[in-house]
Amino acid sequence: MKIDRLRNRDRAHLRLAEVTRNRKLVINTAALLLCGVLAGLAVAAAAFPALAMSGLAAKAGADSFESLPGELTNAQAPQASEVYASDNKTLIARFFDENRRNVELDTVSAFMPKAMFSAEDHSFYTHKGVDAKGIVRAFVANSSGQSQQGASTLTMQLVRMSITYTATDNKAVVAAGEDTTARKMREVKLALQAEKKYNKNEIMERYLNLAPFGSNTYGVFAASQFYFGKHPKDLTLAEAAMLAGVVKSPTEYDPTTPEGHQRTLERRNWVLGQMVETKSITAEEAAAAKATPLTVKAKRSPSGCLVTRPNDWGFFCDYFRRWWTSQEAFGGSEYDRERRLNGGGYRVVATLDPKTQKAAKDNVEQRLKTGSRNALMVAAIEPGTGKVRALATNRNFKVDDANNPQNKPSTNPRSSGQRGTYPNTTNPLITGGGGVTGYQFGSTFKIFTIVAALEKGYPLDYTINAPQRYPSKYSGGAPTSSCGGTNRWCPGNDNPTQAGIHNAWTAFGRSVNTYFVPLEERAGAANVVAAAQKMGIRFLNDEDAERAANKEAADDWGAFTLGVSGTTPLDVANAYATLAADGKHCEPIPVQEIQEMSGKKLDVANPRCNQALDVQVARAAIDAARCPVGDQSAFGECKGATEGGARSAVGQPIAGKSGTTDSHRTASLVITTKTLSVAGVLADPDWPETTVNMSHDIVNPAVYETLADASKGKQAKNFTPPSQKMAYGEQRSIPNVQCDSVSEARSTLENAGFRVEVDNTPIPSTCPQGTVADTEPNGRTIEDGLVVLKLSTGVGSTPSGPPPR
């Protein structure tokens, strides 16, 4: 019996030895096959025809290993883009889908690569990209029902991540991670190629910058910041081990959750044990690190404009984001452009000037605090470049919480039950778009009529006898402004004292409606609309845009000169900036420099300017625009101002205009120097037809004090005067018609090339009653200028002038 038992034991040992030999033979044989396949050797496939039937050898042998495809050479993981203020140091916002910033390996703690290869790939520094025996070992273990084992090397994992990041659609992303033989063999092939192109440190650096570390952090830099609040160069052994352990399954090993914390601690300690096995650290070092409590900060890096600080910068940030997604240079669709912003790793220097922004916000809040239903909106832009320097309003840049709303009810009667946009909104109130079509800026639009008239040859000294109410040739208008029972538009002035003979200087200074409507008739309303467009006014309202695009409709748009079209503070500031820049119009732009990760600067950040107006036309328009804001024309022609205190407040040469709409639904002001143009409007964004009177006492000082504060310490620059011809035109002598009858005088003057009107209020004169006592002007005036006949009472002294004939 004993002998039988010994024989049976020996037979068992022999069978075990045979199984072991066969197992080793299988492993070695499979490894030989894999190596042959990877080399594309037909001999290996022929030696093992049964295995070759799987197609593995055919796939590997058919593909060339000679060149490394773009998936690996050009693979660039998404990185956060950063936007800085114009000082190039103050961060405005970071944009990312995956929080990541690449770092070089020599700026990472030496513990990190040691922990990584110990956790994921012990043979990383000895294999050539593929661990053949590891693949077969995993195959045998997985096939025999043992615990699942992985066989991907760090290099193969890098290949998989690279393919994922270069995928152009969701289908390709899914395919990059499919558990198929074809996918695995492609990884094997590319891993071998990668090892030929890159050394181990380069592969490790790429891996650490690509790898996911959970909680929307990607790459070792973002992970170090999120979990430990430090740079990766400062990671301790325990911290590096934890990060290396997380990569295997970031969702399972999440130390920020109660359940995941214990699993992550165990995983960290396992990695430390692996580091001892790879002789990366000593057992004593591992023991000390294991004794370290696992503590994480979990400080999330903010993304996007909603977390911009200071909060009022959010409106500029949002304007930048909208601008970016409209630029075709960043992709063919808004989705592509957004993806580039969130993953392109750009470094952007924006045009926002912290000093000007603070001045704008402070002055807005001083006049109308956040929480008011009325919005005080201010924009500042730089003439000659289009750089947007400030955007401010009395609103929080914030999405109102639907579950705990702070916004008050909408003021619009048609929106009963809805909440308004105060105090919280992300609507582009100051710049327009996204459903915001702008606000009426009233008489600020009269400048476009001056420009169109100048372009038609009418000088600033062109005179019109402006009545209190003018029967225009235009149709339409409110019932209160129609010409008694007709369809004609008969606008009037705010004050009867505004009536009388005016030129562009005095009419603009006193904002005489009945000067500008007949001037618009002479210049052509369509030309006035075109001038506005050339200077930067966009028509955000569909109805206005259609009318502007139709010349016949535009030519009947008489009320355009009085600012009835919706626009934004940014557009109006830019229009006046065009004049300050001698007619050079520049598109508003929120960036002054954009750098790719490579350091290359992109042309898309360059100013986009064109000479929209003749230089002399622009200078003449500016000369007239100095009158309304308390400055003086280069020719001393200003008489009257609608905001006379602005010049003394700013302390520099300025030009601009205030504006008011019917029933005072809005109040606005724009002022420009040679270096900065600021426009503001007071309106109700929720209800443009508001019945509340908007006060210039609120908006005007907000605008000119913003300009004053932003201009402190900057050298004043004067405006260049226009030519005499632009100011006064071609002067002609007025024939002497004193004591002539009205019909004779009219004939004489019209034959001489003048327009003639009669003032029926007689003046003292020795000329016979009812004849011409004098003309206004007398002596000389411009060609096609207006000459007004003053009639005689027949009693008194003859006015000074040419002696009667």
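The structure displayed is predicted, hence computed values, not measured ones. (Residues numbered from 1 in each chain as written. Predicted model: local features only at pLDDT ≥ 70, side-chain atom pairs only at ≥ 80, totals over all residues. Heavy atoms only, no water.)

### Some details on empty space enclosed by the protein
The rolling of a water-molecule-sized probe over the atoms marks out the regions of remaining empty space. Per the stated rule, a full pass over the model turns up 5 cavities of 30 Å³ or more. Looking at the second largest cavity, its volume works out to about 50 Å³. Ile450, Ala453, Leu454, Tyr458, Pro459, Leu460, Tyr462, Ala504, Tyr515 and Leu519 are the residues that line the second largest cavity. For the lining of the second largest cavity, the elements supplying multiple residues, two or more each, are helix H19 (446-455) and helix H21 (513-523). When residues in the lining of the second largest cavity are grouped by element, the largest group, 3 residues, is from H19. Its residues assigned to classes, the lining of the second largest cavity comprises 10 nonpolar, no polar and no charged. (1 Å grid on protein atoms, 1.4 Å probe; cavity = no way out; pocket = protein on both sides within 12 Å on 5 of 7 lines; lining within 4 Å. Points joined across faces, edges and corners; volume = space filled by probe spheres on them. Helix = DSSP H or I, 4+ residues; strand = E, 2+ residues; numbered from the N terminus. Nonpolar A, V, L, I, M, F, W, Y, C, P; charged D, E, K, R; others polar.)

### Structural notes on the side chain of Asn209
In this fold, Asn209 is placed in helix H11 (residues 200-210). Judged by its relative accessible area of 8%, Asn209 is buried. Non-local contacts of Asn209, meaning those with residues more than four positions away in its chain, are made with Arg100, Arg101, Asn102, Val103, Tyr218 and Gly219. (Buried < 20%, exposed > 50% of the residue type's maximum accessible area, 1.4 Å probe, protein only. Contact = heavy atoms within 4.5 Å.)

### Thoughts on the state of the cysteines
A covalent bond between the sulfur atoms of two cysteines is referred to as a disulfide. What the rule picks out here adds up to 5 disulfides. Disulfide pairing is shown between Cys305 and Cys317; the S-S distance is 2.0 Å. Judged by the sign of its S-S torsion, about -75°, the bond between Cys305 and Cys317 is left-handed. Taken as a pair, Cys305 in the loop between helix H15 (283-290) and helix H16 (314-324) and Cys317 in helix H16 lie far apart in primary sequence, 12 residues in all. The pair Cys305 / Cys317 is uniform in exposure class, with both members buried. At a sulfur-sulfur separation of 1.3 Å, the disulfide partner of Cys483 is Cys490. Measuring handedness by torsion sign, the sulfur bridge of Cys483 and Cys490 sits at about 100° and is right-handed. (Disulfide = S-S within 2.5 Å.)

### A look at unusual backbone geometry
Here the residue pair Arg309 and Pro310 is connected by a cis peptide bond, since its omega of 0° sits within 30 degrees of zero. When you line up the elements, Pro310 lands in the loop between H15 and H16. Its identity is not glycine, yet Asn88 carries a phi of approximately 70°, on the positive side. Of note, the phi angle at Ser215 is positive, near 55°, even though the residue is not glycine. Mapped onto the secondary structure, Ser215 falls in the loop between H11 and helix H12 (219-228).

### A short note on the pairing of strand S22 (residues 786-792)
Here S22 lies mainly inside the structure; 7 of its 7 residues are buried. Here S22 shows no split at all, with Leu786, Val788, Lys790 and Ser792 on one side and Val787, Leu789 and Leu791 on the other all buried. Taken together, the 6 bridges between strand S19 (residues 755-763) and S22 define a ladder with parallel strand orientation. Considered in S22, the bridge of Ile763 is made with Ser792. In this structure, strand S20 (residues 772-776) lies alongside S22, joined through 4 bridges in antiparallel fashion. (Pairing = 2+ DSSP bridges.)

### Here's the deal with the packing of aromatic side chains
Counted by the stated rule, this structure contains 22 aromatic pairs. Plain terms: the ring middles of Phe117 and Tyr125 are 5.1 Å apart, the flat faces sit at 85° to each other, and that makes the pair edge-to-face. Here the aromatic rings of Phe539 and Trp557 are separated by 6.0 Å at their centres, their planes lie at 40°, and the arrangement is tilted. Remark: Trp557 occurs in the loop between helix H24 (551-555) and strand S11 (566-567) and Phe539 occurs in the loop between helix H22 (525-534) and helix H23 (542-549); sequence separation between them is 18 residues. This pair shows no difference in class: Phe539 is buried, exactly as Trp557 is. Among the aromatic side chains, those forming a connected cluster through ring pairs are Phe95, Phe320, Trp323, Trp324, Phe330 and Tyr346. Between the NZ or CZ atom of Arg347 and the centre of the ring of Tyr84, over which it lies, the distance is 4.1 Å. (Phe/Tyr/Trp six-rings, centres within 6.5 Å; stacked < 30°, edge-to-face > 60°. Lys NZ or Arg CZ within 6 Å of the ring centre and 35° of its normal.)

### What to know about the packing of H19 against helix H26 (residues 615-625)
Running from N to C, H19 and H26 point in directions that differ by 140°, and their axes come no closer than 10 Å. Relative to H26, the element H19 lies oblique. Note on packing geometry: the crossing formed by H19 with H26 is right-handed. Contacts between H19 and H26 involve Ile447, Ile450, Val451, Leu454 and Glu455 from the first element and Val617, Ala620, Ala621, Ala624 and Ala625 from the second. Residues of the contact of H19 with H26, tallied by class, amount to 9 nonpolar, no polar and 1 charged. (Axes fitted to C-alpha atoms, helices over the stretch in contact; angles between N-to-C directions. Parallel < 35°, antiparallel > 145°, perpendicular 65-115°, else oblique. Left-handed = near helix turned anticlockwise from the far one by under 90°.)

### Points about the packing of helix H6 (residues 111-120) against H11
Between H6 and H11, the shortest axis-to-axis distance is 11 Å and the interhelical angle comes to 85°. Considering their axes alone, H6 and H11 lie roughly perpendicular with respect to each other. Contact residues: Met112, Pro113, Met116, Phe117 and Glu120 in H6; Met204, Tyr207 and Leu208 in H11.

### Quick notes on the confidence of the model for the protein chain
Low-pLDDT portions of the prediction should not be read for the details of their coordinates. Residues at a pLDDT of 70 or more form 85% of the protein chain, whose mean pLDDT is 87. Low pLDDT, under 50, characterises residues 1-66; the stretch is placed with 45 contacts to residues that sit more than four places away or in other chains. (pLDDT = per-residue confidence, 0-100.)

### Some words on the sheet that holds strand S2 (residues 91-95)
Taken in spatial order, the 4 strands make up an open sheet running S2-S1-S3-S13, and their pairing is mixed. Of all strands in the sheet, those with a lone pairing partner are S2 and strand S13 (591-595), marking the two edges. Sheet twist, expressed as the mean angle between neighbouring strand axes with direction ignored, is 15°. Sheet contacts for H16: strand S1 (81-84), S2, strand S3 (347-350) and S13; angle to S2, the most-contacted strand, approximately 45°.

### A look at the nonpolar core
Ile92, Phe448, Tyr515 and Ile594 are the most contacted members of the largest nonpolar core, which totals 101 residues. Here this core takes 8 residues from helix H25 (residues 569-580), the largest share from any one element. When sequence neighbours within four positions are dropped, the list of residues in contact with Tyr515 reads Tyr462, Thr463, Ile464, Ala466, His502, Asn503, Ala504 and Ala507. (Core = buried A, V, L, I, M, F, W, Y, C linked by side-chain atoms within 4.5 Å.)

### Section: the pairing of strand S5 (residues 388-393)
Where burial is concerned, most of S5 is hidden: 6 out of the 6 residues are buried. The loop that links strand S4 (residues 375-381) with its antiparallel partner S5 comprises 6 residues; one of these, Gly384, has a positive phi angle of about 90°.

### Considering helix H14 (residues 258-277)
Side chains three or four residues apart in an α-helix point the same way, a direct result of the helix having 3.6 residues per turn. Over its 20 residues, H14 extends 30 Å from the first C-alpha to the last, a length consistent with the 28 Å expected when each residue adds 1.5 Å. Of the residues making up H14, those classed as buried are Gly260, Thr264, Arg267, Arg268, Val271, Leu272, Gln274 and Met275. When H14 is viewed along its axis, its buried side chains cluster within an angular range of 155° and face the same direction. H14 presents Pro258, Glu259 and Glu277 as exposed residues on the side facing more than 90 degrees away from its buried surface. Elements in contact with the buried residues of H14: H6, helix H13 (237-246) and H15. One or two steps after H14, the chain reaches Lys279, where phi turns positive at roughly 60°. (Expected span 1.5 Å × (residues − 1). Arc of directions from axis to C-beta.)

### Looking at the environment of Gly260
Its place among the elements puts Gly260 in helix H14. Taking the C-alpha atoms as reference, Gly260 lies 9.6 Å from Pro250; in sequence the two are 10 residues apart. In this view, Gly260 contacts Glu252, Asp254 and Pro255; residues no more than four positions away in its chain are not counted.

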